[in-house]
Amino acid sequence: LSTMDCHMMWFPALVLFIGLFYIYKPCVALRGFKGTQMGLCTRTIAVTRTMTVNVWKKVPTYRSRSCGFLWTKTCIETFWNDEYLPESRDYTAVQREIICCGGYSNDRGECVPVCSRSCDHAECVAPETWSCNSGYKRPTWSSCACVAVCSKECKNGECTSPNFCSCYEGYQKHPFDNYVCLPVCNKSCKNSKCTAPNICSCNNGYKKDLRDSYKCNPICSKECQNGKCTAPEVC
């Protein structure tokens, strides 16, 4: 083999080596993705690249000389020389590209999960998967809603925030117990106790006054003669 033929045999081997290098090249995150995170997938794409290689080529060289009768003419002679010259060649390389997996979207370089709806007091942690915020729990009747958790049961109220009770209408917070709501009566109950909004329950030994629902009168088992029943069984 000539020197040129030997050099030409290296070119296919070089192209094969470059192709294998890109096929098995480890995945590198695309610019913009923030390190290792959930929701990253890879896909294989083919790209065309150009490389410069040196090859042996036949290069003509022209020389002039006198020729003809009495050397009165000028003749051009062509000589072919072997030269090692650069040449651009295209080749197809396979590379892996990092993208967001299905169910994730690219949010400023970060793959974030996608949920079809928003849930109160919860965070979308995976595609169509929610996690309750701290102080909340998921009830058995819902896969999305999260309800507040209170360490004690709310009396006459509802747990609306972690360890916070909101009173029902007609009730107000107990001055010393955050989990108890007391009924509100517009008027002071006499000889009775406010047990529900605007409802007075008579104390033991008293009965409701027929003309005033906030007033309770004492009960005497016998009629007081020449006197008035001022306390239970007291005239």
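Right above here is the structure, for reference.
Remember, predicted model here, so these are calculated numbers, not experimental data.

Visitor: Whenever I open this one, the pairing of strand E6 (residues 129-132) confuses me. Can you help?
Guide: In summary, the side chains of a regular strand alternate between the two faces of the sheet. Where strand E5 (residues 122-126) lies against E6, four bridges are found, and the strand directions are antiparallel. What sits directly across from Ala-126, in E6, is Thr-129. Here E5 hands over to E6 after two residues, with Glu-128 in that stretch at a positive phi of 55 degrees.

Visitor: Which parts of the structure should I look at to understand the layout of surface pockets?
Guide: Empty space among the atoms can be located by rolling a probe the size of a water molecule over them. Taken as a whole, the largest pocket spans an internal volume of roughly 250 Å³. What lines the largest pocket is a set of 13 residues, and nearest its centre among them are Asn-217, Pro-218, Lys-228, Cys-229 and Thr-230. Of all the secondary-structure elements, those providing two or more residues to the lining of the largest pocket are strand E15 (206-208) and strand E16 (216-218). Element by element, the count of residues in the lining of the largest pocket is highest for E16, at three residues. Looking at the lining of the largest pocket, its residues break down into six nonpolar, three polar and four charged.

Visitor: Is there a simple way to think about the environment of Ile-76 in this case?
Guide: Along the polypeptide, Ile-76 turns up in strand E2 (residues 73-100). According to the relative accessible area criterion, Ile-76 is exposed, its value standing at 58%. Along the backbone, Ile-76 and Arg-63 are 13 residues apart, and their C-alpha atoms lie at a distance of 5.5 Å. Setting aside residues up to four positions removed in sequence, Ile-76 forms contacts with Tyr-62, Arg-63 and Ser-64.

Visitor: Whenever I open this one, the pattern of salt bridges confuses me. Can you help?
Guide: Once the charged atoms of two side chains with opposite charge are near each other, the side chains can pair. Considering all chains together, one arrives at eight salt bridges under this definition. Among the salt bridges present, the one from Arg-65 reaches Glu-77, with a minimum N-O distance of 2.4 Å. Within this pair, whereas Arg-65 is found in strand E1 (residues 40-67), its partner Glu-77 is found in strand E2, the two being separated by 12 residues in sequence. Residue class for Arg-65 comes out partly exposed when judged on its relative accessible area of 41%.

What counts, and where the lines are drawn
- Residues numbered from 1 in each chain as written.
- Predicted model: local features only at pLDDT ≥ 70, side-chain atom pairs only at ≥ 80, totals over all residues.
- Heavy atoms only, no water.
- Pairing = 2+ DSSP bridges.
- Helix = DSSP H or I, 4+ residues; strand = E, 2+ residues; numbered from the N terminus.
- 1 Å grid on protein atoms, 1.4 Å probe; cavity = no way out; pocket = protein on both sides within 12 Å on 5 of 7 lines; lining within 4 Å.
- Points joined across faces, edges and corners; volume = space filled by probe spheres on them.
- Nonpolar A, V, L, I, M, F, W, Y, C, P; charged D, E, K, R; others polar.
- Buried < 20%, exposed > 50% of the residue type's maximum accessible area, 1.4 Å probe, protein only.
- Contact = heavy atoms within 4.5 Å.
- Salt bridge = Lys/Arg side-chain N within 4 Å of Asp/Glu carboxyl O.

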